[in-house]
Amino acid sequence: MTPPLMSNEKIRKATTHVSQNEGVIFEKSMPGKRGVALPPCEVPEVAPDAVFDPGSLRKAIEDFPEVSEVDVVRHFTRLSTWNYAIDLGMYPLGSCTMKYNPKINEYVARYEGFAQSHPYLPEELCQGNLKIQYMLEECLKEVTGMDAVSLQPAAGAQGELTGILMIRAYLHSQGNARKKILIPDSAHGTNPSSAAIAGYQVENIKSGERGCVDIAALRNAVTEDVAALMLTNPNTLGVYESDLLAIVDILHSKGGLVYMDGANMNALLGVTRPGDSGVDVMHLNLHKTFSTPHGGGGPGAGPVAAKSHLEPFLPYPLIIKEGDGKYSYDFKRPQSVGRVRSFYGNFGMLVRALAYILTNGPDGLKKTSEDAVLNANYIRSQLKGIYDLPFDQPSLHEVVFSDKLQNKYGVTTMDIAKRLMDYGFHPPTVYFPLIVHGALMIEPTESESLGELDLFIQAMKSIAEECASDPDLVKKAPHNTRVGRLDEVMAARNPVLRWKPKKP
Amino acid sequence: MTPPLMSNEKIRKATTHVSQNEGVIFEKSMPGKRGVALPPCEVPEVAPDAVFDPGSLRKAIEDFPEVSEVDVVRHFTRLSTWNYAIDLGMYPLGSCTMKYNPKINEYVARYEGFAQSHPYLPEELCQGNLKIQYMLEECLKEVTGMDAVSLQPAAGAQGELTGILMIRAYLHSQGNARKKILIPDSAHGTNPSSAAIAGYQVENIKSGERGCVDIAALRNAVTEDVAALMLTNPNTLGVYESDLLAIVDILHSKGGLVYMDGANMNALLGVTRPGDSGVDVMHLNLHKTFSTPHGGGGPGAGPVAAKSHLEPFLPYPLIIKEGDGKYSYDFKRPQSVGRVRSFYGNFGMLVRALAYILTNGPDGLKKTSEDAVLNANYIRSQLKGIYDLPFDQPSLHEVVFSDKLQNKYGVTTMDIAKRLMDYGFHPPTVYFPLIVHGALMIEPTESESLGELDLFIQAMKSIAEECASDPDLVKKAPHNTRVGRLDEVMAARNPVLRWKPKKP
Amino acid sequence: MRYLPKSDAERQHMLQTMGLEAADQLFSHLPAAIRLKRSLNLPAALSEPALLEFFKSCAAENATGWVSFLGAGMYHHFIPVVVDHLISRTEFYSAYTPYQPEVSQGTLQAIFEFQSLMCQLTGMDVANASMYDGATAMTESALMAQRITGRNDFLVAETVHPEYRQVLLTYTKHLNTKVRTLAFAENGQVDLDDLKKKLSDKIAAVIVQSPNFFGNVEPLNELAQLAHEKGALLIVTVAESLSLGLLRPPGQTTEEGQPVADIVAGEGQSLGIPISYGGPVLGFIATRDKYVRQMPGRLVGQTVDTGGRRGYVLTLATREQHIRREKATSNICTNQALCALMCTIYLSLLGKQGLREVAIQNVSKAHYAIGRFKTVETVEVLFESPRFNEFVIRPKDRRKFSDRKLWKHQLVGGFSLKRFYPRLKNAELMCVTEKTPKASIDALVDLYQNG
Amino acid sequence: MRYLPKSDAERQHMLQTMGLEAADQLFSHLPAAIRLKRSLNLPAALSEPALLEFFKSCAAENATGWVSFLGAGMYHHFIPVVVDHLISRTEFYSAYTPYQPEVSQGTLQAIFEFQSLMCQLTGMDVANASMYDGATAMTESALMAQRITGRNDFLVAETVHPEYRQVLLTYTKHLNTKVRTLAFAENGQVDLDDLKKKLSDKIAAVIVQSPNFFGNVEPLNELAQLAHEKGALLIVTVAESLSLGLLRPPGQTTEEGQPVADIVAGEGQSLGIPISYGGPVLGFIATRDKYVRQMPGRLVGQTVDTGGRRGYVLTLATREQHIRREKATSNICTNQALCALMCTIYLSLLGKQGLREVAIQNVSKAHYAIGRFKTVETVEVLFESPRFNEFVIRPKDRRKFSDRKLWKHQLVGGFSLKRFYPRLKNAELMCVTEKTPKASIDALVDLYQNG
Ligand SMILES: Cc1ncc(COP(=O)(O)O)c(C=O)c1O
Ligand SMILES: Cc1ncc(COP(=O)(O)O)c(C=O)c1O
């Protein structure tokens, strides 16, 4: 094994340091330990078998953890130190918009008045929550240039499904729900998957030479069978679909609609509004553009924004502001696609997103997009030539390189990604979009300082040199993490998906 | 340089992992960056030179940081990851009682009603604060067996000073403040220092063969010049001064008093009360026994507890509970030693300490001491023979070994301490108490599980083997930390105590 | 702009390295026609104190600190502060999905533990890394049942949470799927006769909730037997997952070794997650090993690294949208990972004994309340079958007093069932948990008694 | 017992390895006579919910959310939530004093930054790692002056915070030290004639506060000249350290190159630390290089490791009690490190511009209030010399309305000076900061106006 590399001239951003080991929580269990003391019950305790048929009761849960509060705190604190995090450094996952999560947002979302409010509180007793949702809807309408918003979808993918279901319901109301959804081959996997769940056939359209929608090909593909085009814009190459107006036209002229995946809106705040280009419906990822934390995989929030002709089809309930300034829910939405999740969406995320918008204001949001685009272009300009840039279109918020120049040394994108860990960075998104072979998709976001960007660029350059001078070093990376490269094949071949006690 | 050791058979508790580098905050500064937006001023802004003589105004502060919120969050988050912490593992610093800091205590101390309360609020408007202090005083009286408590001292050392000043004032009121304070040579440095600040000569008394106060020597030393004996009990060897009753007698019979350094009360909760043994005045370290966090060096709280004859001399104000259940401050304390700090002590720490006591209750506190003593004795029993135990008296909450057995390989206590870092532990207290040459003072506290204790024991045994088999490995430790052994001599010879911009 | 770590001079410098002069040029390739030519019409930026003030005032417009008897899918339970303390570590909340395992072992191991705990709670072999909420978990497990059985239709008990049923409809009504409801019997449980009548070989799954929407525990063994006889799966949804601390896990076989639930899908909010107006909460799905490849959502699996050290990775991704695209088992991508972490911490703290004790406190307090209501002549207690912490009452004359009267005492009454069950006009679903003070129960009952 | 991570079986096992049977045997060597033979008479253990309830009720007995005009040494300033977020990292708050630098670089570098910032703010060469509070910082700097000058006595302005002066007395009255007070002139500043009269070659230091207890800025240059002429040091204490963002740093020399303060010792609470009923707060001492070996308290210094990498350690420990024992410069050991960290984070966030702007907002709002009070006929504004954010008013007839009347409006008036200055009966020290809403100032003035 290559000896782990300490911080050195090459590796400037990081070094190595002691890191605590820790087994799974079950391995810390010891009969009789407790992590919580309950208050006394206040009322006479009822024996379970006095209420339930003994057959419907469970025995003590075998092997369930028994640990003290100290054990729990140590366990999860130690685990936490094994993670990379935004507050530790740049997290350049393309398409993920890993921006700074403001602490003030975490603070306000935890106000008791929000955190303890029950979704079935009478409207009069939760006007604050209604107001927040209403304001956020107004803000998102303005940012997108759309006419109506539903905050219900729990994440981007659910926003997509909701939007496509709305398109279906709309077209159905026009007499024909149609059969197909067109999706560029550069799209995120959730797009085809959402379209399929909405009952549509998916037809992939090949990207043109420049990585964008090929207008001629699109024109051919759009028939009366096509319900809609799902378009990511800027697309997953970080490139603005400059033909958007024409694209919209093509669809509309055949009675089809345009759905926009707004996951990449971080490039466009205050710059251009999809609604103004004729997009019919779109979703936003509040956990990308609007800074709500990713939480190690979720929760997010994927509001849907639509033009007025689609408004009747939004999920119920909608929020209305009455003449007297009071807010209420409107459940009587006969054309609605229905409910896509219980209650009102991931409300806690909505609070955070509104806090983000109010803190930034219109100028701040615009500057945010400008800086995000500036950062991506700066990286691009510094790494171009060192890494292959498969599409030379102007970049917005992210830039996609490939491993082509490194392949000749037997090094792949995955190796480069792992080696970046030794340099103290989280890797970029890899092997996506699928239209780029060996893609390295880099989205710095606006949260990176020039210093951090320069460190990243230096690391990428240094790795490119290593690929030539010592390819094995890169291929065997990471060396400085607490575990080496993990065997994903074995995990899938012989799935161990839960802990079980060792057989004695 | 020895290559850093990864987790292996020997080193079970830890491995190494990437760790972010970070310069000082000034090095991240860039003119024009900001970390805060102020609200508008609401009133007309006053030009400073309209109020102040221009000569009394400052220019912009040269080289003061200009950074964004993101920079600040990253900076301090990265720094934090360079620290060891209780929630990462055992922190066996002897005499420091590094126990678990309950999270609930942090939570309640931050209630706005406490955190935002001004010390000059009229008593009627801060009854909650008065009640908390009153209750804590009552609890501490019960735990110590003393008659009165002042919560004012900010830390243990200030508690000592307060206590000695009270002794001086008391003796003075009896006609003669006397000249000397006797202090065993095993005492913590704050004891002689506090006595000196209180205007006393310090006379060291040599510990007896068994590490405890030598009764005969003491009897000789106690004259009419002696104001008091300052006694740590259990002493800094972790040994109970079994002759306490005799010691008290000797002092009292000559008109002297007994001050007890109660820093080690974690051994004695519910077991024995200093007041019941005749101690006149003592302090407690709430940041040791009562779980308030150490904060990287403070704040703490060092309440003083006294017998009734010393009560008139406590710092003012005292808290009284009136007949109607209202609380108030009593400032009219003509014999008081005066005020030792502003306001009412480290109130936030008092809230935490009371929360700790109320959570544990009487049984929990006793069990706490039992477990603390059990843990120390378990370590002792496992490491005895492998490390030299200079004093064979029964241990309470801590055990003191020496490096005698390792010296023959050229390895010292400091080397062993540093090598423990590679094993994922914080080192014990080293070279204290002074009466043990090369002391390794180990206080596990009750917060350690059997698993963690066993890992520690295994690490200590493994290091002992390394001392014999590969002494250089130990002498050059630590190897797995982000910086190697630091040059303390250079730091003191050529002090660089503040950042300055590099000269261009 | 305090979130933007750049000075104007730095921006200028960066632009210059690219031969640009102004940031606007970065967008110059966008068609002029679609550029926004004005500022966004949004409120001006707020300082931090002003922001705090704003949200404080919003929060104050909600009833805060009141005692509520609302349950119906979201439950007020006590959550130790340790949970929030730990999830507030930036390494947890600001991390992304653990696609790169070598720098994400903390999240991965925690999810692995979550999966393990959910298996223990539900009596199943395998559980996924989370779903959006109980409603979508149930819905996606229905789609899963379609894939497993190759059948299309569902029978859903009317005692399943009405909003869960609404979501199921949303996800299926455009497909060729029939969703029929099963009536409830007088004791509040599923009407077995109705089930027998409606079961057929078109039915992919029978879907019930237990404890059901009225708080009653369903006769799962009987339901399973009937469903399985016709080749349908039994999906058990659990909205009050704390009940799993006391009740027989639906995934466990009967005493006779017969399978009961084939999929357990539910809502984990009760297990350490603040109610937060209904979201973010925690959907979960657990099933048997043989169905794992039909499961939606992420899964973490154990593996080893190059040095043979144990580690964890996302696995079986061929089920998922980023690999399988339109053929994926689900479109879910971002899930509710942080809520799963809360649940993992909560369950670790409560532990074997604590979880059982809390469950028993819920039963005890609810039954205390039921007992009290039974002494009130003007109130009827409906649905006499075993209950966990919810029950239905029907005041004979609810007009006797208004909700407002309760509000004056900072009490919020139960959930009015007429919204979803017009037949049950005037009936209210009451929830009593370990957090409901006895004094509030007494006060509420007194108000119902005396108006 | 949730803080004790051991089962009874484990305890038993551990005891057995030592040949013991019961934990009590661990204490059997203690004399029986002094063993406590009963349980401690303390309240029974509280569960977490009960504990929260208790402290919530205590907090609610304090006036919460009111607007107060109290200052007098503790100041209400806005603190960004980032400060608390960061100090809540367990690696900061649960760490010990950084005696072992290789595993404590986070704390050490942060203290080094704190020292650097305090030097910048005070205009001094060197600052220590913190003292308990402003009062003890001032007191210990007085003792330091004794060591430096070899002299014994002090002249202390009566406009120094009265509690600081009380602490100075506590620390010195048993020594052979005379502490005399300096009167204040009609404009609120130190009476220079009184100073001239009282200065002698016995005086170790002249001690003043600026802005002083009445809010007035002292004429430091003149004071320094007079003190230095007689070989005394000038100690400047600062209670409202935010003023250092705007006012000339006392450590800076005059335009003519003359030294002003020799030691600056004060209270840093204003710089990011919650008021918390007066503690924990943040004492600091800064001085010139030449006096560093007489400084009390910890110091962090820069050094290198075996590989030449930059690092930080505690240094110059030969001044301290653990090395020098009775000859140490101070007995301080535990200090206020976490508060120093808060201050470091706060100053980093505010930065060069922000700090100045907050200071100006304080001046502006205070002067707005002064202006408003000057329009009230029945109120006199005392002490006409430059002020930062505090000022003294004297209502001609304070009986016109009671404090209770203010309280009804959730306002708390100024600090009544008669407690420390019987001569100033009826006078009140008012503090107005950036946090005081204009509306509250207006409301207060109106109440003084209209009774
Ligand atoms: C372009 C794009 N579309 C859609 C999604 C799906 O969003 P979510 O993960 O919130 O479901 C993502 C994010 O993963 C994305 O990057
Ligand atoms: C035995 C003993 N006495 C006194 C002290 C001083 O306490 P503090 O650091 O709180 O001033 C300490 C702690 O450092 C100690 O261990």
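The rules we used
- Residues numbered from 1 in each chain as written.
- Chains lettered and ligands numbered in written order.
- Predicted model: local features only at pLDDT ≥ 70, side-chain atom pairs only at ≥ 80, totals over all residues.
- Heavy atoms only, no water.
- Helix = DSSP H or I, 4+ residues; strand = E, 2+ residues; numbered from the N terminus.
- Rg over C-alpha atoms; globule rule 2.2 N^0.38 Å.
- Buried < 20%, exposed > 50% of the residue type's maximum accessible area, 1.4 Å probe, protein only.
- Contact = heavy atoms within 4.5 Å.
- Areas by Shrake-Rupley, 256 points an atom, 1.4 Å probe, with all protein chains shown as cover.
- 1 Å grid on protein atoms, 1.4 Å probe; cavity = no way out; pocket = protein on both sides within 12 Å on 5 of 7 lines; lining within 4 Å.
- Points joined across faces, edges and corners; volume = space filled by probe spheres on them.
- Nonpolar A, V, L, I, M, F, W, Y, C, P; charged D, E, K, R; others polar.
- Least-squares fit on C-alpha atoms with pLDDT ≥ 70 in both.
- Buried area = accessible area lost by both parts, 1.4 Å probe.
- Salt bridge = Lys/Arg side-chain N within 4 Å of Asp/Glu carboxyl O.
- Polar contact = N/O pair within 3.5 Å; in protein donor to acceptor, adjacent residues only side chain to side chain.
- Near = heavy atom within 4 Å.

**Q** I'd love a proper account of the overall build of chain A, names of residues and values included.
**A** Regarding its fold elements, chain A presents 15 helices and 13 strands. In summary, chain A has a C-alpha radius of gyration of 26 Å against a globular reference of 23 Å for 504 residues, a match within 12%. In terms of its C-alpha atoms, chain A occupies a principal-axis envelope of roughly 75 × 70 × 45 Å. Counting every position in chain A, which comprises 504 residues, the buried fraction comes to 71%. Across chain A, the fraction of contacts at a sequence separation of at least 24, relative to all contacts at a separation of at least 6, is 70%. Counting every atom, chain A has about 14600 Å² of accessible surface; 50% of that belongs to carbon and sulfur.

**Q** Let's hear about empty space enclosed by the protein: which residues, and what values?
**A** With the rule as written, the count across this model stands at 16 cavities of 30 Å³ or more. The calculated volume of the largest cavity comes to roughly 400 Å³. In terms of lining, the largest cavity is formed by 24 residues, of which the most central are His 17, Val 18 and Thr 81 of chain A together with Val 18 and Thr 81 of chain B. Broken down by secondary-structure element, the contributors of at least two residues to the lining of the largest cavity are strand S1 (14-20) of chain A together with strand S1 (14-20) of chain B. Considered class by class, the residues forming the lining of the largest cavity number 9 nonpolar, 11 polar and 4 charged.

**Q** Lay out the relation of the copies chain B and chain A with the relevant residues and their values.
**A** Superposing chain B onto chain A takes a rotation of 180° combined with a translation of 0.0 Å along the rotation axis, leaving an RMSD of 0.0 Å. Each copy turns onto its partner about a two-fold axis. With an isologous cut-off of 70% or more, the 100% of interface residues of chain B that recur at the interface of chain A puts this contact in the isologous class.

**Q** Go over the interface of chain B and chain A with me, naming the residues and quoting the values.
**A** The interface of chain B with chain A comprises 42 residues on the first partner and 42 residues on the second. Where chain B abuts chain A, roughly 3500 Å² becomes buried across the two surfaces, and 53% of that area is made up of carbon and sulfur atoms. Linking chain B with chain A are 4 salt bridges. A salt bridge links Arg 78 of chain B to Glu 452 of chain A, with the nearest nitrogen and oxygen atoms 3.0 Å apart. On inspection of chain B and its partner chain A, the count reaches 27 residue pairs in polar contact (both at pLDDT 80 or more). Counting residues per element, the ones that place at least two in the side of chain B that touches chain A are S1, helix H2 (69-80) and helix H12 (413-422) of chain B.

**Q** Help me get a handle on the interface of chain D and chain B, residues and values and all.
**A** At the interface, 187 residues of chain D touch 210 residues of chain B. Summed over both partners, the interface of chain D with chain B buries about 17100 Å², with 63% contributed by carbon and sulfur atoms. With its nearest N and O atoms 2.9 Å apart, the salt bridge here joins Arg 310 of chain D to Glu 27 of chain B. Linking chain D to chain B there are 93 residue pairs in polar contact (both at pLDDT 80 or more). The greatest single-element share of the side of chain D that touches chain B, amounting to 25 residues, is contributed by helix H11 (residues 337-374) of chain D.

**Q** Can you lay out the side chain of Asn 285 of chain B for me, pointing to particular residues and giving the numbers?
**A** Residue and element names in this part refer to chain B. Its location among the elements puts Asn 285 in the loop between strand S7 (281-284) and strand S8 (304-306). Look at Asn 285 and you get buried, because its relative accessible area is 4%. Side chain to side chain, Asn 285 and His 283 meet in a polar contact 2.8 Å long. The residues contacting Asn 285, other than those within four sequence positions of it, are Gly 156, Gly 262, Ala 263, Phe 290 and Ala 301.

**Q** Describe the site of ligand 1, with residues and values.
**A** Among the 15 residues in the neighbourhood of ligand 1, the closest are listed as Ser 95, Asp 261, His 287 and Lys 288 of chain A together with Thr 334 of chain C. Within the contact set of ligand 1, an oxygen atom lies 3.3 Å away from a side-chain nitrogen or oxygen of His 188 of chain A. Contact between ligand 1 and Asp 261 of chain A: a nitrogen atom at 2.5 Å from a side-chain N or O atom of the residue. In the complex, the protein chains occlude 99% of the 390 Å² of accessible area that ligand 1 would expose alone. When the residues that make up the shell around ligand 1 are grouped by side-chain class, the tally is 5 nonpolar, 7 polar and 3 charged.

**Q** Can you explain the site of ligand 2? Please cite residues and give values.
**A** Near ligand 2 you find 15 residues, and of these Ser 95, Asp 261, His 287 and Lys 288 of chain B together with Thr 334 of chain D are the closest. More than one chain reaches ligand 2: the nearby residues come from chains B and D. Here an oxygen atom of ligand 2 sits 3.1 Å away from a polar atom, N or O, in the side chain of Asn 285 of chain B. One of the side-chain N or O atoms of Thr 334 of chain D is found 2.5 Å from an oxygen atom in ligand 2. The protein chains hide 99% of the 390 Å² of surface that ligand 2 would expose on its own. A total of 3 residues in the shell around ligand 2 trace back to one element, the largest contributor, which is helix H6 (residues 156-173) of chain B.

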